[in-house]
Each structure stands twice: as C-alpha cells, then as structure tokens.
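Each chain, letter by letter, is given below.
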Amino acid sequence: CSTISNTGNFKRYTDCTISGSNHVDVTNTLEINGTNTDMNNLITITAATNQRHFYLNNANAKLILRYLKLVGGDVSSYTFGSSASYGGSILIYTNGGELNLYSSIVFNNKARWGGGISVYDENIYDNKSPIMNIYNSIIHNNTATNGDGGGMYIWYSDVTMKNTIISNNAG
C-alpha cells in the first residue's frame with residue numbers, strides 16, 4: 001500500500017497494509033479499486049498499527065472505494081473526546097468530505113465512536129456537511145468502545161445507503 005497517496009486513482013491486485021504510522025489523509029479525489037469482484041475474495045487493506053485507514057476533513061476531499069475489504073483499523077486508545085478517537089476505518093470530519101463505498105466490506109475495526117466509519121459535523125449551518133454513500137456493502141464486526149456506533153457513528157451528515165448489511169457490531 002505504500003503506493004497509495006492522498007490523491008489519485010489506484011488499482012489493487014493484492015492485499016496490503018498501509019505503511020508508516022499514520023492513516024491516509026485524503027485531500028482531493030482518491031479512488032481505489034480492487035480487482036476481485038467476488039465479495040468472498042475481495043482485496044484486503046489493513047490499517048497501520050493503531051490507526052484508521054482514511055481521514056477526510058476538507059470539503060474537496062472525495063474517497064471512492066470499490067471491491068475492497070478494510071480491516072484492522074484501531075483508534076480506540078486515543079484521547080477520549082478528541083477527533084482522533086472517531087472512525088476505526090474511515091473518519092469524515094467537521095470540514096466535510098465525501099465517501100463513496102461500493103461492493104466493499106468494513107470489518108473488524110475499533111474506535112471510541114464509530115467502530116467502522118464515523119461521519120461527523122459539529123456545525124450544521126456551515127454548508128460543509130460530510131457526505132457518505134454506501135452501496136452493496138457490508139459493515140460487520142466493528143466495535144465502538146465508548147458505546148456509540150459500533151458499525152457507524154453519524155452526526156449531522158448526509159447519508160445514502162442501499163443494499164448494505166450492518167451486522168454484528170458492538171457499542
């Protein structure tokens with residue numbers, strides 16, 4: 001995954017782990033497409049140790065993911081109440097951004113809030129609400145250690161979900 005940067009279009013042919021000691025900070029449009037379309041054999045991206053996979057905090061940030069399995073994100077040890085402790089796999093924070101998740105699985109991630117995904121806007125009047133669109137995907141076996149949003153934590157955000165299964169999440 002060392003080739004994945006914060007912007008661009010990437011195809012993944014093999015499983016990988018995000019290198020380094022941080023998440024991918026999406027600042028423009030980042031698109032990652034797995035090459036296996038069978039939901040039982042998706043390309044797996046594992047988060048760096050004690051990190052989430054992706055972070056968006058910019059109205060211009062757009063993340064497009066297809067045919068991927070996101071596992072191993074864990075930000076549950078970060079300071080209680082800080083944004084760093086939201087979204088075990090993906091966090092779209094208060095300055096906006098857009099997630100488009102297609103035929104993918106968010107599995108076995110952990111955070112204080114939003115074990116799998118967190119979309120959060122502090123100011124409902126700023127016209128920068130985070131956007132999340134999820135289609136034909138699975139949010140499964142994620143944990144919110146604070147007790148809110150095992151699979152997802154959504155606060156003042158625009159969300160569309162179709163044909164998506166949210167199951168066996170804790171919190």
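Residues numbered from 1 in each chain as written. Predicted model: local features only at pLDDT ≥ 70, side-chain atom pairs only at ≥ 80, totals over all residues. Heavy atoms only, no water.

Draft legend 1. Structural view of the environment of glycine 73. Mapped onto the fold, glycine 73 is located in the loop between strand 8 (68-71) and strand 9 (90-92). Of the residues examined, glycine 73 reaches a relative accessible area of 2% and is grouped as buried. Once the C-alpha coordinates of glycine 73 and alanine 47 are considered, the two residues, 26 residues apart in sequence, prove to be 5.0 Å apart. Not counting residues within four places of it along the chain, the set of residues in contact with glycine 73 comprises Ala47, Gln51, Arg52, His53, Gly88, Asn108, Asn109 and Lys110. (Helix = DSSP H or I, 4+ residues; strand = E, 2+ residues; numbered from the N terminus. Buried < 20%, exposed > 50% of the residue type's maximum accessible area, 1.4 Å probe, protein only. Contact = heavy atoms within 4.5 Å.)

Draft legend 2. Expanded view of the sheet that holds strand 15 (residues 138-140). Reading across from one edge, 2-5-8-11-15-19 is the order of the six strands in this open sheet, with parallel pairing throughout. Every interior strand has two partners, whereas the edge strands, strand 2 (16-17) and strand 19 (165-167), have only one. Sheet topology note: the strand 15/strand 19 ladder contains three bridges and is parallel. The partner of isoleucine 139 across the bridge, within strand 19, is isoleucine 166. (Pairing = 2+ DSSP bridges.)

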